[in-house]
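Architecture at a glance
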Amino acid sequence: MIISVASGKGGTGKTTVALNLALSLSNVQVQLLDCDVEEPNSHIFLNPVIEETKPAQTLVPKVNYELCDYCGKCAPACEYNALVVLPEKEVMVFPELCHGCGLCSLVCPQEAISEEPREIGVIKKGRSGDGKIDLVYGLLNIGEVKATPLIDQVKAELNPAKTVIIDVPPGTACPVIAAVQSTDYCILVTEPTPFGLYDLKLAVEVLRVLKIPFGIVVNKAGIGDRKVYEYCAKEGIPILLEIPHDKRIARYYSEGVPFVREMPEWEERFAGMMKSIKEYVG
Amino acid sequence: MRQLTVISGKGGTGKTTLVGSFAVLAENKVIADCDVDAPDLHLLLHPEILTKQEFKGVKIAVMDKTLCTECGTCEETCRFNAIASTEESGYAVNQARCEGCGACVFMCPQEALTLQERVSGYAFISKTKYGAMAHAQLNVAEEASGKLVTLVRENARQTAEKEGCELILIDGAPGIGCPVIASLGGVDLALIVTEPTQSGLHDLKRILSVVEHFSVKPSVCINKYDINEEVTGEIEAFCREKGTEIAGKILYDDTITKAMVAGVPVVAFESELKSTAAEEITLMWHRIERIIQQ
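Values in this document were obtained by computation on a predicted structure and should not be read as measured data.

1. Considering the domain arrangement of chain B
- Looking at chain B, the domain boundaries give domain 1 (2–56 + 122–293) and domain 2 (59–117).
- If you average the C-alpha positions of domain 1 of chain B and of domain 2 of chain B, the two centres end up 40 Å apart.

Written out as structure tokens, the structure is:
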């Protein structure tokens, strides 16, 4: 079973929920995929022993000038303006604009365009200090624009024999789609505030478009107002768990400590949430 | 004209809370919400929309099923796994995955595929109690958020020129990728909002490298600094070592959430108790004004 943990708004507690859930499942093997490749944080809490680091790459065009006759067909074909042909001189490639679709090499009548890999980040694989959780996370290179290919490559490491938990980046755009797609269930984490509610509604729309079943975890319960609860009741969205706004939990988070390790009474609640999700997914 | 972008790397550190208050405190400015996929600033500033503009960011492959012979060339060609066949309905384009590259269109022997423009969001120019505001809403499950950020910034720039404004205040997105980079180009100062947690510190280091990579002057705000004063100390030491100025520190203060629930920037929120956070934000704003003028 593959479970994604997402939220429209950032900083609502996705990583907190993903980690503490992973640590509360004692009788299954868990793999945690941190797909927030722009700002991954799970490893801070797990202190993993990294067993493998490999480059994540995308393909960019490479022009063979012995074959190129500067016909100029590649540049207008590219939807992303990643190529410019200077007649009789050069084909300029802008790798940061390239999506790696391969169309330029398909349209080139001289077969002068091949593709070469370009590193956009790294993928790290390891195990939590206690050996219980497999962790895979991506780290996007500084200055790199597109997170989606790296997210896809982190997800390619998915081990279907395990219970997989995916930590999703914030927002509602393409990186979120890449991370939540093909998951069996999505836990949406929100906080009971106007910002939390507005962004929750957007995230709900995304999941309805993608037809992924979902439920809500209300984090920092007790702050703000009741409107998130009213919205969930009206829409018939299940509230799976409430985590109170608690100084101790905030403190453990700030120290990089998953709070179930210090407050073991929560293990049962996270495990209970997993049980109800399992029953729902069937 | 000066431009300030407020970003954070990590989400939920308080960008929008700060920009909302700066909108009250700054004079003669245009406000731009560049967190286009999850914008929240409008919940504090209540913009009255004056113009609404369609945003056509990306194209999408559209399949004419009457021409399709189910040969499967499109699926083989597509690098984004955006075309697949199902038993019931044959080949179809997955809109959420299609990046609009056109490779399938080029390869289809039946000419059953075409690239079509689609509206992937809206950009707005509005007025608020505190001045003009440029903002947007990306449709859900869309890409090209960076292009929409660029459009919002262009709208803000034109409005500022028309109204003779000297400052553009930009609320950025979380992360370090496409929308963030689009909100950084050519700005005079990037205010990075962080919090004293190990995640906050980790993400601060990464976003600061991005800001430096694009040669923008950074300044740091430590929000909720009393949550963990040891980590606050670590952040301060890190900033000293990097030579990065700390524009201000703000206490954790319930008033911020109360003001948010009331839909008001915290510096304009009338409460029975004096809000320390509001005072600290005001002090920080005056410091930022001076840094920006340098």
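Continuing now.
2. Observations regarding the nonpolar core
- Among the nonpolar cores identified, the biggest contains 154 residues, and Val152 and Leu169 of chain B are the most heavily contacted of them.
- At eight residues, the largest contribution of residues to this core is made by helix H7 (residues 194–210) of chain A.
- Each residue touching Leu169 of chain B, except ones within four places of it in the same chain, is listed here: Leu4, Val19, Phe22, Ala23, Ala26, Lys29, Ile31 and Ala32 of chain B.
- Core analysis: the second largest hydrophobic core is formed by 30 residues, Ala82, Leu83 and Cys98 of chain A together with Ile83 of chain B among them.

3. Regarding the interface of chain A and chain B
- Taken together, the 50 residues of chain A in the interface contact 51 residues of chain B.
- Elements supplying a minimum of two residues to the side of chain A that touches chain B: helix H4 (103–107), helix H6 (174–180), H7 and helix H9 (247–255) of chain A.
- The dominant element in the side of chain A that touches chain B, judged by the number of residues it contributes, is H7 of chain A, at nine residues.
- In terms of residue class, the side of chain A that touches chain B is built from 24 nonpolar, 16 polar and ten charged.

4. Some details on the domain arrangement of chain A
- As assigned here, chain A comprises domain 1 (2–47 + 129–281) and domain 2 (58–119).
- Here the C-alpha centre of domain 2 of chain A lies 40 Å away from the C-alpha centre of domain 1 of chain A.

Reading the values: rules and limits
Residues numbered from 1 in each chain as written. Chains lettered and ligands numbered in written order. Predicted model: local features only at pLDDT ≥ 70, side-chain atom pairs only at ≥ 80, totals over all residues. Domains from an automatic or database assignment. Core = buried A, V, L, I, M, F, W, Y, C linked by C-beta atoms within 7 Å. Buried ≥ 20, exposed ≤ 12 C-beta atoms within 10 Å, placed from the backbone. Helix = DSSP H or I, 4+ residues; strand = E, 2+ residues; numbered from the N terminus. Contact = placed C-beta atoms within 7 Å. Nonpolar A, V, L, I, M, F, W, Y, C, P; charged D, E, K, R; others polar.

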